[in-house]
Amino acid sequence: MDESQFWDIRAFVYQHFAETTRPPRVDEIASRFNLTHEQAVSAYEELHQRHAFFLQPGTHDILMANPFSAVETSFKVHASNKTYFANCAWDSLGIPAALHADAEIEAACAQTGGTIRLSVTGQQVQSSDALVHFLIPFKNWYNDLTHT
Amino acid sequence: MNMLFFQSEEVLNNWLTSNHVERGAVMTMPQLWELSQRWYHNRLSPEFHGRTAEQVQQIFRELGLTSEFWQAS
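Before going into details, it helps to say that this report is about the structure given with it. (Residues numbered from 1 in each chain as written. Chains lettered and ligands numbered in written order. Predicted model: local features only at pLDDT ≥ 70, side-chain atom pairs only at ≥ 80, totals over all residues.)

**Comments concerning the overall build of chain A**
The helix and strand tally for chain A stands at four helices and nine strands. Across chain A, helices and strands are ordered from the amino to the carboxyl terminus as α-α-α-β-β-β-β-β-α-β-β-β-β. Its C-alpha radius of gyration of 16 Å places chain A within 12% of the 15 Å reference for a compact globule of 148 residues. Its C-alpha atoms give chain A principal-axis dimensions of about 50 × 35 × 20 Å. (Helix = DSSP H or I, 4+ residues; strand = E, 2+ residues; numbered from the N terminus. Rg over C-alpha atoms; globule rule 2.2 N^0.38 Å.)

Spelled out as structure tokens, the structure:
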């Protein structure tokens, strides 16, 4: 597989996530790009290694293509008449930034469990008392991505 | 665990105390939105192939994130 096809697959994964709120499966990649199952698996593994997206440990299913999450989380984003799940507080605003779309965000306060509602309209976030806390220094973010 | 929302500064301080963790970096929503736009605005583009550590550091510098917390190495 040549270098450009890796990036074509990466672009397709993001387009698929944006359009459907979920990532494509390996067999969908194989069909779309006329690859064998093994070639599609290999491409997913390579893109995982390059941090283009991240696979569920022990599988060939995409878990995260930041800012999108393939699994339900406590960071819910309503945008473009769809409901997406973000990986973290930052990615909650990352989804409307990536989609260039207005969004309503429902997330949980990590201490109280209370709902935090945020609104992005016309490329502006409406005022809120909410804060985001980053625990881990940037240089350590990729040590354990699911913890991050 | 790393990037979490809190309803207020007081609530955040309660969380830090109850979890026995040190304060990291804190942003308001306008600051987080600015970072999100800078970080993710071209994520759906086929031309986006990731960033080097230097490119990441440049983004943080442009947003005034220059403390040790935001250093790539």
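Still more to cover.
**A few points about the packing of helix 2 (residues 26-33) of chain A against helix 3 (residues 37-49) of chain A**
Residue and element names in this part refer to chain A. Contact geometry of helix 2 with helix 3 gives a least axis separation of 8 Å together with a crossing angle of 110 degrees. The angle between helix 2 and helix 3 falls in the class roughly perpendicular. Helix 2 and helix 3 meet at a crossing whose hand is right-handed. Contact residues: V26, D27, I29 and A30 in helix 2; H37, A40, V41, A43 and Y44 in helix 3. Of the residues that constitute the contact of helix 2 with helix 3, the class distribution is seven nonpolar, one polar and one charged. (Axes fitted to C-alpha atoms, helices over the stretch in contact; angles between N-to-C directions. Parallel < 35°, antiparallel > 145°, perpendicular 65-115°, else oblique. Left-handed = near helix turned anticlockwise from the far one by under 90°. Contact = placed C-beta atoms within 7 Å. Nonpolar A, V, L, I, M, F, W, Y, C, P; charged D, E, K, R; others polar.)

**A look at the sheet that holds strand 3 (residues 68-69) of chain A**
Residue and element names in this part refer to chain A. Taking strand neighbours across the sheet as the criterion, the three strands line up as 1-2-3 in an open arrangement whose pairing is antiparallel. Edge positions in the sheet fall to strand 1 (54-55) and strand 3, since each of these pairs with one other strand and no more. Bridge analysis of strand 1 against strand 2 (residues 62-65) gives two bridges, and the strand direction is antiparallel. Counterpart to L55 in the pairing with strand 2 is I62. (Pairing = 2+ DSSP bridges.)

**Considerations on the interface of chain A and chain B**
At the interface, 39 residues of chain A touch 38 residues of chain B. Of all elements in the fold, only helix 1 (3-20), helix 4 (89-99), strand 7 (115-121) and strand 9 (131-134) of chain A reach the threshold of two or more residues within the side of chain A that touches chain B. With six residues, helix 4 of chain A is the largest single contributor of residues to the side of chain A that touches chain B. Judged from the four bridges that link them, strand 9 of chain A and strand 2 (residues 25-28) of chain B form a sheet pairing that is antiparallel.

**Focus on the pairing of strand 1 (residues 3-6) of chain B**
Going residue by residue along strand 1 of chain B, you find M3(B) and F5(B) tucked away on one face and L4(B) and F6(B) tucked away on the opposite face as well. Sheet analysis places strand 9 of chain A next to strand 1 of chain B, joined by four bridges and oriented antiparallel. The partner of L131(A) across the bridge, within strand 1 of chain B, is F6(B). (Buried ≥ 20, exposed ≤ 12 C-beta atoms within 10 Å, placed from the backbone.)

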